[in-house]
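A closer look at the structure
Take a look at the letters that make up each chain.
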Amino acid sequence: MAKIKSLEDLKKMREDMKNKISLREKGERIDNLIQIKVSMATCGIASGAKETMDYMVNELDNRAVDAVVTQTGCMGYCYAEPTIEVTLPGEEPVIFGYVDTDKAQEIIDKYIIKGEPVDGIIPVNFKSIKDE
Amino acid sequence: MKNISEHILDIVQNSIRAKADNIEILISETNQEINIHITDNGMGMDKTILQKVNDPFFTTRTTRKVGLGIPLLNQHAEQSGGWLKIISEKGEGTKLTAKFLKNNIDCLPMGDIYTSIALLISGNPEQNIIFRYKKNDKQYSISSMEIKEILEDIPLNNPKVANFLKEMIKENLENIKVSFN
Ligand SMILES: Nc1ncnc2c1ncn2[C@@H]1O[C@H](COP(=O)(O)OP(=O)(O)O)[C@@H](O)[C@H]1O
Ligand SMILES: [Mg+2]
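Report follows, based on the coordinates.

Rules of the game
- Along every chain, residues carry numbers that run from 1 in the direction the sequence is written.
- Chains carry letters from A onward and ligands carry numbers from 1 onward, assigned in written order.
- In keeping with the model being predicted, local features are shown solely for residues with a pLDDT of at least 70 and side-chain atom pairs are shown and tallied solely at 80 or more, while totals for entire chains, interfaces and linings include all residues.
- Each side-chain value is worked out from all heavy atoms of the structure, with water and hydrogens disregarded.
- Contact between two residues is taken to exist if any of their heavy atoms lie within 4.5 Å; hydrogens are not considered.
- Buried area is calculated as the accessible area (1.4 Å probe) missing from two parts once they are joined, with the contributions of both summed.
- We define a polar contact as two N or O atoms separated by no more than 3.5 Å, with the added condition that, inside protein, one atom must be a possible hydrogen donor and the other a possible acceptor, whereas residues neighbouring each other in sequence contribute only through side-chain atom pairs.
- Helix and strand definitions here come from DSSP, where helices need a minimum of 4 consecutive H or I residues and strands a minimum of 2 consecutive E residues; each element is numbered from the N-terminal end.
- Put simply, two rings from Phe, Tyr or Trp (the six-membered ring, in Trp's case) pair if the centres are within 6.5 Å, and we call them stacked under 30 degrees between planes, edge-to-face over 60, tilted for the rest.
- Only Lys NZ and Arg CZ are tested; either one counts as a charge over a ring when it is within 6 Å of the ring centre and within 35 degrees of the ring normal.
- Take the number of residues in a helix, subtract one, and multiply by 1.5 Å to get its expected span.
- Summary of the burial criterion: residues with accessible area below 20% of their type's maximum are buried, those above 50% are exposed, and those between are partly exposed, where the area comes from a 1.4 Å probe applied to protein chains only.
- Pairing between strands requires that DSSP locate at least two bridges from one strand to the other.
- Helix axes use the C-alpha atoms of the stretch in contact, all axes being lines fitted to C-alpha atoms, and the angles between their N-to-C directions lie in the range 0 to 180 degrees.
- Each reported salt bridge corresponds to a side-chain nitrogen of Lys or Arg within 4 Å of a carboxyl oxygen of Asp or Glu.
- To get the bend at any residue, fit one axis to the seven residues that end at it and another to the seven that begin at it, then take the angle between the two axes.

**Observations regarding the interface of chain A and chain B**
Taken together, the contact pairs 39 residues of chain A with 48 residues of chain B. Around 3900 Å² of area is buried between chain A and chain B when both sides are counted, 61% of it from carbon and sulfur atoms. Summed over the shared surface of chain A and chain B, the result is 18 residue pairs in polar contact (both at pLDDT 80 or more). No other element matches helix H1 (residues 7-22) of chain A, which puts 9 residues into the side of chain A that touches chain B.

Below, the structure written as structure tokens:
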């Protein structure tokens, strides 16, 4: 049986990641970070927010996209769950509704990687979502 | 909610919303039962709120009218023959305990708890989340703090980190014979 992963392996992975990152400019890296927030309210989880977040984390890792993915509370769009907020570097945050794994794939392919428009955007006054 | 792991993901959001920065998730499983304990150091609840919490139409949130997370968990615990209990003190924190009886056909499966925990830890880098799973006489535990110490300047919410955590937790739980379905 293969050896079970431990924090030792995490340490090795970090060394690897650090070496890759130091090849790039540090400041540049922060400015280029894509921020993704996934709403984890009860209605979101019941509509598949966990699968959506899991899928996004997997895809972003596989494609080595420079992003951070965090959880956030109820955005108040229960009718459109799962919802996510995506902030591209230097742009206003955008909220997408009904983000199942197919939609997540489209958002990554088109909006996040190519910067192309994708429908399913929930119109808001472009303010970052917070819990209440 | 399809399984216990989704309930845990949901209940921990209450702790985060209550401004907890330390959240402990303990699961202890025997051949007969699964006990879930979620303890936080958030703002807690006063007596009147605590009394109302099990009412499916009560919530202190304003973005939406109904609170459903706790009543749903209560219903699922009771339908297996178990129960739900919440102890809370304003300004001190909250401790929730849910008991599920495994041998009841209406008992929810555990589900992919490793995904819930990995996404909770990685997706909430401001909170210290402590996870411990006891299965009979064996156990596995992990916390945000230990992971952050190793990561140094690599963010906890980096997708590669989330994926690693998921795999690591899964393998370690399988090693202590946790079954997910
Ligand atoms: N850990 C906690 N700390 C403080 N208050 C809590 C906690 N968990 C639940 N509550 C209170 O109980 C209410 C109901 O919770 P819940 O059933 O999960 O519904 P919701 O989260 O949608 O409001 C919350 O709105 C909150 O006021
Ligand atoms: Mg809740």
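**Side note on the packing of aromatic side chains**
Applying the stated rule across the entire model yields 4 aromatic pairs over all chains. Centre to centre, the rings of Tyr77(A) and Tyr79(A) are 6.4 Å apart; their planes meet at 80°, and the pair counts as edge-to-face. The ring of Tyr114(B) carries the charged tip of Lys170(B) above its face, separated from the ring centre by 5.6 Å.

**Section: helix H4 (residues 49-62) of chain A**
Residues and elements named next belong to chain A. End to end, H4 covers 20 Å across 14 residues, agreeing with the expected 20 Å (1.5 Å per residue, within 8%). A large share of H4 lies buried, amounting to 10 of its 14 residues. Listing the buried residues of H4 in full gives Ala49, Lys50, Thr52, Met53, Asp54, Met56, Val57, Glu59, Leu60 and Asp61. Two residues or fewer after H4 comes Ala64, characterised by a positive phi angle close to 50°.

**Here we look at unusual backbone geometry**
Residue and element names in this part refer to chain A. Cis geometry is found at the peptide bond from Glu81 to Pro82, where omega equals -10°. Relative to the assigned elements, Pro82 resides in the loop between strand E2 (67-72) and strand E3 (84-87). The phi torsion at Tyr98 lies on the positive side, around 50°, for a residue other than glycine. Mapping Tyr98 onto the fold places it in the loop between strand E4 (94-96) and helix H5 (101-114). Owing to a relative accessible area of 51%, Tyr98 belongs among the exposed residues under this scheme.

**Comments concerning the sheet that holds E3(A)**
Residues and elements named next belong to chain A. Spatial ordering of the open sheet is given by E2-E1-E3-E4, a layout of 4 strands whose pairing is mixed. Where the open sheet ends on each side, the last strands, each with one partner, are E2 and E4. Averaged over all adjacent pairs, the angle separating strand axes in this sheet is 20°, with direction ignored. With 6 bridges connecting them, strand E1 (residues 34-39) and E2 associate as parallel partners. In the strand pairing of E2, Lys37 is matched with Thr70. Against the sheet, H4 makes contact with E1, E2 and E3, and its axis sits at roughly 170° relative to E2, the strand it touches most.

**Section: the environment of Lys170(B)**
Residues and elements named next belong to chain B. Relative to the helices and strands, Lys170 resides in helix H6 (residues 159-175). Spatially, the C-alpha atoms of Lys170 and Gln32 are 22 Å apart, while their sequence positions differ by 138 residues. Not counting residues within four places of it along the chain, the set of residues in contact with Lys170 comprises Tyr114 and Phe180.

**Quick notes on the pattern of salt bridges**
Throughout the structure, instances matching the rule amount to 23 salt bridges over all chains. In this structure, the salt-bridge partner of Lys11(A) is Glu8(A), at a minimum N-O distance of 3.6 Å. Of this pair, Lys11(A) and Glu8(A) both sit in helix H1, 3 residues apart, roughly one helical turn. When its relative accessible area of 47% is taken as the criterion, Glu8(A) is described as partly exposed. Salt bridges sharing partners connect three or more residues here, namely Arg14(A), Glu15(A), Lys18(A) and Glu152(B).

**Side note on the pairing of E3(A)**
All names here are of chain A. Of the two faces of E3, the one lined by Ile84 and Val86 and the one lined by Glu85 and Thr87 are each fully buried. Where E3 meets E4, 3 bridges bridge the pair, whose relative direction is antiparallel. When the bridges of E4 are listed, Ile84 appears paired with Phe96.

**A word on H5(A)**
Residues and elements named next belong to chain A. If you check H5, its first and last C-alpha atoms are 18 Å apart, about what 14 residues at 1.5 Å a residue would give, namely 20 Å. If you look at H5, its biggest bend is around 30°, right at Ile107. Along H5, the residues that are buried comprise Lys103, Ala104, Gln105, Ile107, Ile108, Tyr111 and Ile112. Buried-residue contacts for H5 involve E1, H4, E3 and E4. Following H5 by one or two positions, Gly115 adopts a phi angle in the positive range, close to 70°.

Everything listed here is a matter of geometry and, on its own, says nothing about what the molecule does.
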